[in-house]
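Residues per chain, in single letters:
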Amino acid sequence: MSDSTPMPREHRNTLLQVPGQRLPNETPPAREWTVPPELVGSTSPIRVGMNLLTGGDHRCSLHLAVKSRPGLKPVAWPRRDKPPVPVRLAMDVLNAVEFDRLPVDEALNAVFQSQPVQEGVSSFIGHAVRSYLSACMAAPALLPEARWWVVQHVDQGVRELWAWGRRYRSADGSMRELRLLRVANMLKRPRSDVEIAVAAYTCAFGRPAPWPQDWEREFLVRAREDVSRVVVAEVDLSDGLRKVLFDGTPEEASALHERGGRGAAAQVIRGEARRPGGDCVKCRLVLACDEVVRAPGLLGLPTYRRAKLRQVSISDLRYYDACPAQYHLRALHLPKVDEYAVPARIGQAVHHHLETLHARADRPCRHEDMPTDAGWPDPRWDLDTEAAEAGIRMLAHHPSVCPVQEDTSDLTIEKTLVFQDTAAQVLVIAKPDLVYRDAGAWVFRETKTTRRRQQGSDIFTQYPQVALATAVLGRGLLGGPVDGSRVELEILRPGGADLLMVDPADPQQLAEAYSALRRMARPWREDDTFAATPGENCRTCPVSRWCPSAAETDPLPSSQETARGADREQPA
């Protein structure tokens, strides 16, 4: 039977039988899930892949449930900007190497001719492919498998479980290995038990199937192969490391799946809660979701009728302002080196401490709540004694400007807000430190840290989060009155604290905020090449290793880095 010939439906259930086990039912029926009225089409197949099982609480449950049903389509669908996916490009090159027998350089050229990318992306893909091949040299000698492994169950509809990775098998098919690709941070961010369980189960019981010509249709699976050994490995494309995550029998893979993967898949397909954030730009419900606030003109830009929908945050615009290439490589999540200097890590530690205190929301912060010992910061911030003590002195001044009071209401901490600028065709993502109500009016609070007092700078240019908050409140996008609302900027220094306020109802301040947003957003909105602008900023650029245009500069002395970095925006 050829790969293009459908398996007779009456035989599919029997082919899923596993010796000694009941019929695998990897994704329970989802009859109780209600199709959102904004969608039309078929709820079959239901397809759960590992990409739907990552991200935890930061993902939107409804988006994942909809994504697991590729046959559902929105009534209205935006034209969306589709940036390259580095791991997918690496897969394409490896396919050319392993199946077309092309040398690596020829394979890279062939892929980039059909899919042109920015120079930094091509540099990383070349590194990634060579790292993969080097990391897997010591692996068992197996044959690359072009077909995917898909566990398929058919009753009133089709339900599928699959894993995205590279597949290998022994000559007799008794051993399989599924290799999961990771752009970076394999050791720092290990795979979850759920991911490993689903990968092992799919590797053990998945039937070979070609990639469907239409993603809305089911995989055309072939007969099940007898498998006695299953290996799931992960390969870090940055560091060139291979790590075995599972090595066992199909029975052991099934038991692992029963303990975790099965329930996680059921949770995905039944998801209903909406959570705005990074999923929105790819979601089929983006134009109709009530969690996305419509805000034409929010960035102060003209109408771009033919532009494709993009997403952006203020941090993204700051990276773009420093260098378009840095923004682009960061947005694609390429591996970073020394991403945060000491001042930024102090800011993160301070921010985390205040977030923990404010989560109580039962009283203002007091001096006794502030740390006094240099061991206070979480080890992840990697602060030495001098930096930790600087953070102690900054935090000591927070109680005098703490926003949490007895009459504070509707307090949210680090809540993600998404606004659709329908003129600029942009989803603007904001994550204010605090949002609360004071006498019924909304207040945005941003907290920043610095080593010394700021002198005579434009607040909207230096702190563009304040500009965005002013525009949001000035438009009344959160509801409630504009009069009485305000934006607060809390600046903590070792020697004191400043609390600056902006009135969104003041026409002049609102105009200045829009001017600052426009200056930052317009070049970004009109750029689609993201060329590098090499210079001094290359010294501290965390993705410069991938940039062929990066200026050759000496490392910045640590004393200068601290002094300069202290005045830059902190992620806190």
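Residues numbered from 1 in each chain as written. Predicted model: local features only at pLDDT ≥ 70, side-chain atom pairs only at ≥ 80, totals over all residues. Heavy atoms only, no water.

## Topic: the overall build of the chain
In step 1: The number of helices and strands found in the chain is 15 helices and 20 strands.
In step 2: Here the C-alpha atoms of the chain give a radius of gyration of 26 Å, agreeing with the 25 Å that 2.2 N^0.38 yields for 572 residues.
In step 3: With the principal axes as the frame, the chain shows a C-alpha extent of 75 × 55 × 50 Å.
In step 4: Looking at the chain as a whole, 53% of its 572 residues are labelled buried.
In step 5: Taking all contacts inside the chain whose residues are at least 6 apart in sequence as the whole, residues at least 24 apart take part in 74%.
In step 6: Taking the average place of the 73 positive charges on the side chains of the chain and the average place of its 75 negative ones, the gap between the two points comes to 5 Å. (Helix = DSSP H or I, 4+ residues; strand = E, 2+ residues; numbered from the N terminus. Rg over C-alpha atoms; globule rule 2.2 N^0.38 Å. Buried < 20%, exposed > 50% of the residue type's maximum accessible area, 1.4 Å probe, protein only. Contact = heavy atoms within 4.5 Å. Lys, Arg positive; Asp, Glu negative; His and termini not counted. Charge placed at Lys NZ, Arg CZ, Asp CG, Glu CD.)

## Quick look at the packing of aromatic side chains
In step 1: Summed over the entire model, instances satisfying the criterion amount to 14 aromatic pairs.
In step 2: Geometrically, the ring pair formed by Tyr320 and Tyr327 is edge-to-face, given 6.1 Å between the ring centres and 70 degrees between the ring planes. Take Tyr320 and Tyr327: they sit in the same class, and that class is buried.
In step 3: Clustering of aromatic rings is evident, with ring pairs tying together Trp148, Trp162, Trp211, Trp215 and Phe219.
In step 4: When the ring centre of Trp524 is taken as origin, the NZ or CZ atom of Arg310, which lies over that ring, is 5.2 Å away.
In step 5: The ring of Tyr319 carries the charged tip of Arg330 above its face, separated from the ring centre by 3.8 Å. (Phe/Tyr/Trp six-rings, centres within 6.5 Å; stacked < 30°, edge-to-face > 60°. Lys NZ or Arg CZ within 6 Å of the ring centre and 35° of its normal.)

## What about helix α3 (residues 86–98)?
In step 1: With 13 residues, α3 extends 18 Å from end C-alpha to end C-alpha; this agrees with the ideal 18 Å at 1.5 Å per step.
In step 2: Here α3 lies mainly inside the structure; 10 of its 13 residues are buried.
In step 3: Restricting attention to buried positions, one finds in α3 the residues Pro86, Val87, Leu89, Ala90, Met91, Val93, Leu94, Ala96, Val97 and Glu98.
In step 4: Where the residues of α3 are buried, they touch α4 (104–114), α5 (119–135), β4 (143–145), β5 (148–154), β7 (166–169) and β8 (175–182). (Expected span 1.5 Å × (residues − 1).)

## A short note on the sheet that holds strand β10 (residues 229–236)
In step 1: Strand order in the open sheet made by the 5 strands is β4-β7-β8-β10-β11, with mixed pairing throughout. Every interior strand has two partners, whereas the edge strands, β4 and β11 (241–248), have only one. Strand-to-strand twist of the sheet, defined as the mean angle between neighbouring strand axes without regard to direction, takes the value 25 degrees.
In step 2: Where β4 and β7 come together, 3 bridges link them in antiparallel fashion. When the bridges of β7 are listed, Leu143 appears paired with Arg169.
In step 3: Running at roughly 35 degrees to β7, α3 makes contact with β4, β7 and β8 of the sheet.
In step 4: Helix α7 (residues 250–269) rests against β10 and β11 of the sheet, and its axis sits at about 95 degrees to β11. (Pairing = 2+ DSSP bridges. Axes fitted to C-alpha atoms, helices over the stretch in contact; angles between N-to-C directions.)

## A look at the sheet that holds strand β20 (residues 496–502)
In step 1: The mixed open sheet is built from 5 strands, whose spatial order is β14-β17-β18-β19-β20. In this open sheet, the two edge strands, each paired with only one partner strand, are β14 (409–413) and β20. For this sheet the average axis-to-axis angle between neighbouring strands, irrespective of direction, equals 20 degrees.
In step 2: Taken together, the 5 bridges between strand β17 (residues 434–438) and strand β18 (residues 441–449) define a ladder with antiparallel strand orientation. Looking at β18, one finds that Asp438 is bridged to Ala441.

## Observations concerning the pairing of β5
In step 1: For β5, the buried fraction is high: 7 of the 7 residues fall into the buried class.
In step 2: Where β5 lies against strand β9 (residues 207–209), 3 bridges are found, and the strand directions are antiparallel. Its bridge partner being in β9, Val150 is matched across the sheet by Arg207.
In step 3: From the end of β5 to the start of strand β6 (residues 158–162), which pair antiparallel, there are 3 residues.

## Notes on the pairing of β10
In regular strands, side chains alternate between the two faces of the sheet.
In step 1: Among the 8 residues in β10, 7 count as buried, and that is most of the element.
In step 2: Sheet topology places β8 next to β10; 8 bridges connect them, and they run parallel. Pairing of Glu177 across the sheet is with Val231, part of β10.
In step 3: Taken together, the 7 bridges between β10 and β11 define a ladder with antiparallel strand orientation. The residue of β11 that forms the bridge with Ala233 is Val244.
In step 4: Hairpin connection of β10 to β11: 4 residues between the antiparallel strands, including Gly240 at a positive phi of 70 degrees.

## Here's the deal with a negative patch on the surface
In step 1: Where like charges cluster on the molecular surface, the negative patch consists of Asp382, Asp384, Glu386 and Glu389.
In step 2: Counting through the fold element by element, Glu386 comes out in helix α11 (residues 385–395). (Patch = residues over 30% accessible without salt bridge, like charges linked within 9 Å, V, L, I, M, F, W, Y side chains within 5 Å. Areas by Shrake-Rupley, 256 points an atom, 1.4 Å probe, with all protein chains shown as cover. Salt bridge = Lys/Arg side-chain N within 4 Å of Asp/Glu carboxyl O.)

## Regarding the pattern of salt bridges
In step 1: Scanning all chains against the criterion turns up 33 salt bridges.
In step 2: Note that Asp378 is salt-bridged to Arg380, the shortest N-O span being 3.7 Å.
In step 3: A salt bridge links Arg486 to Asp438, with the nearest nitrogen and oxygen atoms 3.0 Å apart. Taken together, the residues Arg486 in strand β19 (residues 486–493) and Asp438 in strand β17 connect sequence positions 48 residues apart.
In step 4: Given the relative accessible area of 25%, Asp438 is considered partly exposed.
In step 5: What you see here is one network of salt bridges that share partners, running through Glu145, Arg147, Arg169, Arg176 and Glu225.

## A short note on the environment of Ala204
In step 1: Here Ala204 lies in helix α6 (residues 193–205).
In step 2: When its relative accessible area of 3% is taken as the criterion, Ala204 is described as buried.
In step 3: The sequence separation of Ala204 and Arg274 amounts to 70 residues, and the corresponding C-alpha distance is 34 Å.
In step 4: Among all residues touching Ala204, those that are not within four sequence positions of it are Arg176, Val227, Val230, Pro250 and Ala253.

## Some remarks on empty space enclosed by the protein
In step 1: Under the counting rule described, the total for this entry stands at 5 cavities of 30 Å³ or more.
In step 2: In this model, the largest cavity occupies a volume close to 110 Å³.
In step 3: If you trace the largest cavity, you find 14 residues lining it, with Cys60, His63, Cys280, Cys283 and Cys289 closest to the centre.
In step 4: Among the elements that make up the lining of the second largest cavity, the one with the highest residue count is helix α10 (residues 342–358) (4 residues).
In step 5: In the lining of the second largest cavity, the residues fall into 4 nonpolar, 4 polar and 5 charged. (1 Å grid on protein atoms, 1.4 Å probe; cavity = no way out; pocket = protein on both sides within 12 Å on 5 of 7 lines; lining within 4 Å. Points joined across faces, edges and corners; volume = space filled by probe spheres on them. Nonpolar A, V, L, I, M, F, W, Y, C, P; charged D, E, K, R; others polar.)

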